Amino acid sequence: MDMLSYLADGFAVSLSPLNLAVVLVGVTAGLFIGAMPGLGSVNGVAILLPMTFIVPPESAIIFLAAVYYGAMYGGAISSILLGIPGASTAVATTFDGRPMAQKGEAGLALIAAAVASFVGGTISVVLFTILAAPLAEFALAFGPPEEFALVLLAFTTFVGLGGDDVVKTMMMILFGLALSTVGLDMISGNPRLVFFDLPGFYSGISFLILAIGVYGVGEVLWTIEETRGSPKVMNARIGFRDLVDGVKKLGRTVRTMTMGSVLGFFVGVLPAAGATPAALMAYGLARSGSKNPENFGKGEVEGVVAPEAANNAASTGSLLPMLTLGIPGSPTTALLLGGMVMWGLTPGPMLFIEQPGFVWGLISSLYTANVFAVIVNIALIPLFVWALRMPFPVLTAVVLTLCVVGGYAPNARMHDVWMIVLFGFGAFVLRKTNYPMAPLVLALVLGPLMEQSLRQSLISSQGDMTTFFTRPISGTLMAISVILFALPIIKRLRSAGALKPAQ
């Protein structure tokens, strides 16, 4: 009953006229920020942070949380319409969202993303409200070995449950892991894989550069090749009837959305995990549990709802360690943490005791932000879909311009632009030879976390590899990873036995 009374007090705060206006402005701004390639929730919160000084601290954190929420919704827009994920959290949405748009189902894909985001956000906020204290204690049990085992599980999910060529999938994962080591060694500071001693490689290879090259330039080249330079304008339209029909079609994806929501929330709670591995793991599990796994990557609606439910749920889950432990669960929550400290608030267990109005006001604002986000998102879908009606040469010019601007803007380096071109041509060649792109991007995103957790674990255990198997949580995750890795071998042996001629 105490929780319900606290939540009621929180709604009294979040439903005030000022905070309602703050939430509406925040989710709308976040939606457009998330939809722009090259930006994302981190950039949006950082850019809009100075604006929060004109409102009280409670309204300020509610505004930034709303921006965060809106950006998670908006990330699917550029992934579906342009094939360019604006942030790593929207990478998995590209795999099936873009093919759906190319088949003239952009409206359905955007509706699926919005509804899945709403479901993921709603389930995660309810779980957040109920399980805050117990999950904070559980998150403390996650050290470097558990983080390494979790990342390894994300990789083996792709290998063991994927429908692509296993050897090619593993090769792309290894290639991505190699690219993630480019730059300065995190412990010794020595340069690694700095090709031709070019200064631009000293800061490593950014996910954004790889994603824009692979899914932006590479997609344009692939489309031109497949259509022999004369692609048709997409049949993109949406009205009220299309909206209703789209929601009805999503009825069969309820199980997938629920799975993605629960998985995303629990992964988001883990410090340093965040929404990206949650979305990728949800996509892999959705494909493994589907009756038609071969349709994934070709425009399957379940391939959109699973990662979108997961990344929105994870964004809520990542707020939990920030509030209860003072440990940011993602780069965006790190900015929120800095903002709280700047406003004189100290995150941690005592925050619930000393500032209950602030904490429960923030929690209740997530409910209102979730409702506003889905309403604004669906209301603007016709505007987003209309963009697909433009002639292909114009759309190509827009996409390539966004690729160049999105790659150049963060660091203002021509090196990044040339890397986008290189990755674009490389992705085109790899796709022609049927190499999957998703494992490459996954490895580059999770590679630094995997290396850091591996080296920290080995240093603390003095090189003892059994540390990954003797701890209960990491041992369980490692066992699941071994089983998933063995699945393709078992399937191949069974197929060979079935094809063996009878004596």
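Residues numbered from 1 in each chain as written. Predicted model: local features only at pLDDT ≥ 70, side-chain atom pairs only at ≥ 80, totals over all residues. Heavy atoms only, no water.

(A) View of the confidence of the model for the protein chain. Of all residues in the protein chain, 80% have pLDDT values of 70 or greater, and the mean over the chain is 77. Within the model, pLDDT remains below 50 along residues 230–236, and this stretch shows 15 contacts once partners closer than five positions in the same chain are excluded. (pLDDT = per-residue confidence, 0-100. Contact = heavy atoms within 4.5 Å.)

(B) Looking closely at the pattern of salt bridges. Applying the stated criterion to the full structure yields six salt bridges. Of the charged contacts, one joins D185 and R192 as a salt bridge, the two residues approaching to 3.3 Å between their closest N and O atoms. Exposure remark for D185: the relative accessible area of 11% places this residue in the buried category. With a shortest N-O distance of 2.9 Å, D416 and R413 are connected by a salt bridge. On the basis of relative accessibility, which here comes to 24%, the residue R413 falls in the partly exposed class. Linked through salt bridges whose partners overlap, the residues forming this network are D185, R192, E451 and R455. (Salt bridge = Lys/Arg side-chain N within 4 Å of Asp/Glu carboxyl O. Buried < 20%, exposed > 50% of the residue type's maximum accessible area, 1.4 Å probe, protein only.)

(C) Seen up close, the nonpolar core. The biggest cluster of nonpolar side chains holds 135 residues, and the ones touching the most others in it are I61, I80, F95, F155, Y215, L336 and M340. It is helix α4 (residues 57–81) that provides the largest number of residues to this core, a total of 16 residues. (Core = buried A, V, L, I, M, F, W, Y, C linked by side-chain atoms within 4.5 Å. Helix = DSSP H or I, 4+ residues; strand = E, 2+ residues; numbered from the N terminus.)

(D) How the structure looks around the packing of aromatic side chains. Applying the stated criterion across every chain, the model contains five aromatic pairs. Each ring, one from F95 and one from Y283, has its centre 5.2 Å from the other, and the planes form 75 degrees; the classification is edge-to-face. Of this pair, F95 sits in helix α5 (residues 91–102) while Y283 sits in helix α12 (residues 275–289), placing them 188 residues apart in sequence. Residue classification places Y283 among the buried positions, given a relative accessible area of 2%. Ring geometry for F195 versus F201: centroids 5.4 Å apart, planes at 80 degrees, classification edge-to-face. A residue is classified by how much of its surface remains accessible, and F201, at 6% relative accessible area, is buried. (Phe/Tyr/Trp six-rings, centres within 6.5 Å; stacked < 30°, edge-to-face > 60°.)

(E) Spotlight on a nonpolar patch on the surface. Among the surface-exposed residues, Y408, M414, W418, V421 and F425 lie close enough to one another that they form a single nonpolar patch of about 530 Å² accessible area. When residues of the nonpolar patch are assigned to their parent elements, the largest contribution, four residues, is made by helix α19 (residues 414–432). If you trace the backbone, M414 turns up in helix α19. (Patch = residues over 30% accessible without salt bridge, like charges linked within 9 Å, V, L, I, M, F, W, Y side chains within 5 Å. Areas by Shrake-Rupley, 256 points an atom, 1.4 Å probe, with all protein chains shown as cover.)

(F) The packing of helix α11 (residues 254–269) against α12, seen in detail. At their nearest, the axes of α11 and α12 sit 9 Å apart, and the two run at 145 degrees to each other. With respect to the hand of their crossing, α11 and α12 are arranged in right-handed fashion. Contacts from R255, T256, M259, G260, L263, G264 and V267 of α11 reach α12 at P277, A278, M281, A282, L285, A286 and G289. (Axes fitted to C-alpha atoms, helices over the stretch in contact; angles between N-to-C directions. Left-handed = near helix turned anticlockwise from the far one by under 90°.)

(G) The arrangement of helix α20 (residues 438–460) in detail. Between its first and last C-alpha atoms α20 spans 33 Å; for 23 residues at 1.5 Å apiece the expected length is 33 Å, and the two agree. At L446, α20 is bent by approximately 45 degrees, the largest bend along its length, and proline P448 sits one to four residues beyond. Just downstream of α20 lies Q462, where phi reads positive at about 55 degrees. (Expected span 1.5 Å × (residues − 1). Bend = angle between axes of the 7 residues up to and from the residue.)

(H) Focus on the environment of V220. Assignment of secondary structure puts V220 in helix α9 (residues 207–226). On a C-alpha basis, the gap between V220 and L82 in space is 9.4 Å, while along the polypeptide they are 138 residues apart. With residues near it in sequence (within four places) discarded, V220 still touches T396, V399 and L400.

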